[in-house]
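Fold and contact review
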Amino acid sequence: MHGECQRNDAVVLADRFAGSVFGRMIWPYCLGASSSVSSAKGFCKILLERMNTHIVDRPVPDFSSAEPLFAFVSEMLHQGVAMNRHAYHLMTVATLNAEGWPDARVVVLRGWDAAARTLRFHTDLRSPKVQALEAQPRVTLLMYDPVSRVQLRIPALAEVRKGDAWVRSLWERSRPDSRACYAADEAPGEVLATEEPLRDLPLTLDTDNELAFQRFGVVVCTFTRMDVLHLHAGRHRRGRLDWSTSGWQLTRLAP
Ligand SMILES: Cc1cc2nc3c(=O)[nH]c(=O)nc-3n(C[C@H](O)[C@H](O)[C@H](O)COP(=O)(O)O)c2cc1C
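Bear in mind the structure is a predicted one, so any value in this text is a computation, not a measurement.

**Here's the deal with the overall build of the protein**
On a plain count of helices and strands, the protein comes out with 8 helices and 10 strands. Contacts in the protein between residues far apart in sequence, at least 24 positions, make up 60% of those at least 6 positions apart.

**Focus on the site of the ligand**
Among the 15 residues in the neighbourhood of the ligand, the closest are listed as Arg105, Val107, Thr123, Ser127 and Lys129. Of all the elements in the fold, those that place two or more residues in the shell around the ligand are strand S2 (102-108), strand S4 (118-124) and helix H5 (128-135). If one sorts the elements of the shell around the ligand by residue count, S2 sits on top with 5 residues. Looking at the shell around the ligand residue by residue, the class counts come to 7 nonpolar, 4 polar and 4 charged.

**Notes on unusual backbone geometry**
Within the chain, Arg117 stands out as a residue other than glycine whose phi angle is a positive 55°. With respect to the element layout, Arg117 can be found in the loop between strand S3 (111-113) and S4. For Arg149, which is not glycine, the phi dihedral falls at a positive 65°. Secondary-structure assignment places Arg149 in the loop between strand S5 (138-145) and strand S6 (150-162).

**What about helix H4 (residues 66-82)?**
The terminal C-alpha atoms of H4 lie 24 Å apart, and with 17 residues this matches the ideal 24 Å at 1.5 Å per residue to within 8%. Listing the buried residues of H4 in full gives Leu69, Val73, Met76, Leu77 and Gly80. Angularly, the buried residues of H4 cover 100° about the axis, an arc narrow enough to put them on a single face. Lining the buried residues of H4 we find S3, S5, S6, strand S8 (225-230), strand S9 (237-244) and strand S10 (247-253).

**Focus on the confidence of the model for the protein**
Detailed reading of the predicted model is not advised wherever pLDDT is low. Per-residue pLDDT for the protein averages 86, and the proportion of residues at 70 or more is 80%. Within the model, the stretch residues 1-8 combines pLDDT values under 50 with 0 contacts to residues more than four positions away or in other chains. Note that pLDDT drops below 50 for residues 32-36; the model gives that stretch 4 contacts with residues more than four away or on any other chain.

**Looking at the nonpolar core**
Counting 28 residues, the largest nonpolar core has Val73, Leu141, Leu152, Cys221 and Val228 as the members making the most contacts within it. Of all the secondary structure elements, the ones that give two or more residues to this core are H4, strand S1 (90-96), S4, S5, S6, strand S7 (216-222) and S8. If we ignore the near neighbours within four places in the chain, the residues touching Val228 are Leu69, Val73, Val150, Leu152, Arg238, Gly239 and Leu241.

**Quick word on the pairing of S9**
Two elements, S8 and S9, share 6 bridges in a ladder whose sense is antiparallel. Along S9, the bridge assignment pairs Met226 with Leu241. Hairpin connection, S8 to S9: the antiparallel pair is bridged by 6 residues, and Gly234 has positive phi, about 90°. Note: S9 against S10, 7 bridges, orientation antiparallel. The residue bridging Arg240 from the neighbouring strand is Thr251, located in S10.

Here is what the cut-offs are and how they apply
- Residues numbered from 1 in each chain as written.
- Predicted model: local features only at pLDDT ≥ 70, side-chain atom pairs only at ≥ 80, totals over all residues.
- Helix = DSSP H or I, 4+ residues; strand = E, 2+ residues; numbered from the N terminus.
- Contact = placed C-beta atoms within 7 Å.
- Near = placed C-beta within 6 Å.
- Nonpolar A, V, L, I, M, F, W, Y, C, P; charged D, E, K, R; others polar.
- Expected span 1.5 Å × (residues − 1).
- Buried ≥ 20, exposed ≤ 12 C-beta atoms within 10 Å, placed from the backbone.
- Arc of directions from axis to C-beta.
- pLDDT = per-residue confidence, 0-100.
- Core = buried A, V, L, I, M, F, W, Y, C linked by C-beta atoms within 7 Å.
- Pairing = 2+ DSSP bridges.

In structure tokens:
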């Protein structure tokens, strides 16, 4: 009861602090201070939860076996999907275009399925990357989290899904303001006449907007390999996780 009371007080305090401009500016310093003072650590943890970002609760596993390392990465990816301030909420997707040039762009990580080994993002089907992916589905996904100091480099095969019942269920579950992006008349990357002002998009969009839904695509990236780099005081650590039917295998690599 006493503990609960203390936690509630901390939540109120953390909420006030997180909401302030000052709080947003100094939270990285709180994180640094928290390593030496355990009550400050508890406060910072709640604070970070309220700010929709994360703290690394447990150390990054050493690179001696595959399962704990994969479990750690998997948990971080789940957090990346759920928390929009988590660094893994954004990933860079590298593709090859028709002329053989590498291309890369930032997207939002929308889904992670550890059993199926898939990462998912949403996109406008009219965007140039969709054509590129349909011609060449090999991609590399790249993420770096400065809190845990872990970089992930994931070669994957991308499949563009559109118009089916699963895609519709994701459309219906997506936020109204996210759906609104698909209401633009212009395709992403389309050349615009300089004098022509862009029409504002609606702030939200209902699920029954069929034209916007027809533009909504889900890109599912399936992988069997992941390169994990941990920036570590003294000596960095790096390993390659390879999946086979007997599970994940770890090969340690020089960083
Ligand atoms: C923070 C951020 C998040 C983004 N999220 C997405 C996304 O989830 N899906 C997407 O297709 N584009 C997203 N974009 C835009 C892409 O980076 C890119 O500009 C756009 O998709 C066109 O890419 P393309 O010309 O390679 O097709 C995002 C950009 C930023 C800066």
